[in-house]
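Read off the chains here:
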Amino acid sequence: MTIKELETQAAAGTPMPEELTAAEQLAFLSLRINYVLFKLGKLDLEQAKWEKVRIIKEYEQNVLKLKSWNEAHERMQNLAPILPMLKESGCKTCRKFFHVLSGYKGENEVDM
C-alpha cells in the first residue's frame, strides 16, 4: 500500500487495513492521530502539516530499514547451512568469518 493510500484512509477515519507491514501500521496510525487532533483543534494547520511531513519521512526510513533487514535475514538464511563448516574448519580466516556472521563467543574463539 502506498503512503498516499494510507494517508487517504487515515484521513477518512477508516479502520486500519489488514496485512500492513509494521512501517505501514505506524504511518497509518500516526497519520490518523494527526488528522483527528487537527479536526479537534488541538493542532493548528501549520503544526499538522509539519507533523505529517515528519511522519512520511519516518515511514520512508522505516520502509528502507525493513527492506534491509529482510534482505540481511535472507542472506543469513542462505549462509546458515555452511556456518558449521566454517566453525569446524581448520582455516583461521573461515573461523573468523563464522564468528563475525554468527556472533558466536565460544571458549575457543579465534583472536580477531
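Above this note sits the structure.
Residues numbered from 1 in each chain as written. Predicted model: local features only at pLDDT ≥ 70, side-chain atom pairs only at ≥ 80, totals over all residues. Heavy atoms only, no water.

**Focus: the overall build of the chain**
- A tally of regular secondary structure across the chain gives five helices and zero strands.
- Secondary structure elements in the chain, listed N-terminal to C-terminal, are α-α-α-α-α.
- Over its C-alpha trace the chain gives a radius of gyration of 23 Å, far above what one expects of a compact globule, namely 13 Å for 112 residues.
- Once local pairs closer than 6 in sequence are excluded, the contacts in the chain between residues at least 24 apart make up 28%.
- Total accessible area on the chain is roughly 8,300 Å²; 57% of this is exposed by carbon and sulfur atoms.
- Charged side chains in the chain number 16 positive and 16 negative. The centres of these two groups are separated by 4 Å. (Helix = DSSP H or I, 4+ residues; strand = E, 2+ residues; numbered from the N terminus. Rg over C-alpha atoms; globule rule 2.2 N^0.38 Å. Contact = heavy atoms within 4.5 Å. Areas by Shrake-Rupley, 256 points an atom, 1.4 Å probe, with all protein chains shown as cover. Lys, Arg positive; Asp, Glu negative; His and termini not counted. Charge placed at Lys NZ, Arg CZ, Asp CG, Glu CD.)

**A word on the nonpolar core**
- Counting residues in hydrophobic clusters, the biggest one holds 12 residues: Ile-3, Leu-6, Ala-10, Leu-20, Ala-23, Ala-27, Phe-28, Leu-31, Tyr-35, Ile-55, Ile-56 and Tyr-59.
- Considering each element in turn, this core owes the most residues, five residues, to helix α2 (residues 22-39).
- Once residues within four sequence positions are removed from consideration, Leu-31 is found in contact with Ile-3, Glu-7, Ala-10, Lys-52 and Ile-55. (Core = buried A, V, L, I, M, F, W, Y, C linked by side-chain atoms within 4.5 Å. Buried < 20%, exposed > 50% of the residue type's maximum accessible area, 1.4 Å probe, protein only.)

**Some thoughts on the state of the cysteines**
- Scanning all chains against the criterion turns up zero disulfides.
- Distance from the sulfur of Cys-91, which forms no disulfide, to the nearest cysteine sulfur (Cys-94) is 3.1 Å.
- Of the residues examined, Cys-91 reaches a relative accessible area of 30% and is grouped as partly exposed. (Disulfide = S-S within 2.5 Å.)

**Digging into α2**
- In this model α2 runs 26 Å from its N-terminal to its C-terminal C-alpha over 18 residues, within 8% of the 26 Å that 1.5 Å per residue would give.
- Of the residues making up α2, those classed as buried are Ala-23, Glu-24, Ala-27, Phe-28, Leu-31, Asn-34 and Tyr-35. Burial along α2 is one-sided: seen end-on, the buried residues are contained in an arc of 130°. Facing away from the buried side of α2, by more than 90 degrees, are the exposed residues Ala-22 and Ile-33.
- Contacts from the buried residues of α2 go to α1 (3-12) and α3 (45-79).
- With its phi angle positive at about 80°, Gly-41 sits one or two positions after the end of α2. (Expected span 1.5 Å × (residues − 1). Arc of directions from axis to C-beta.)

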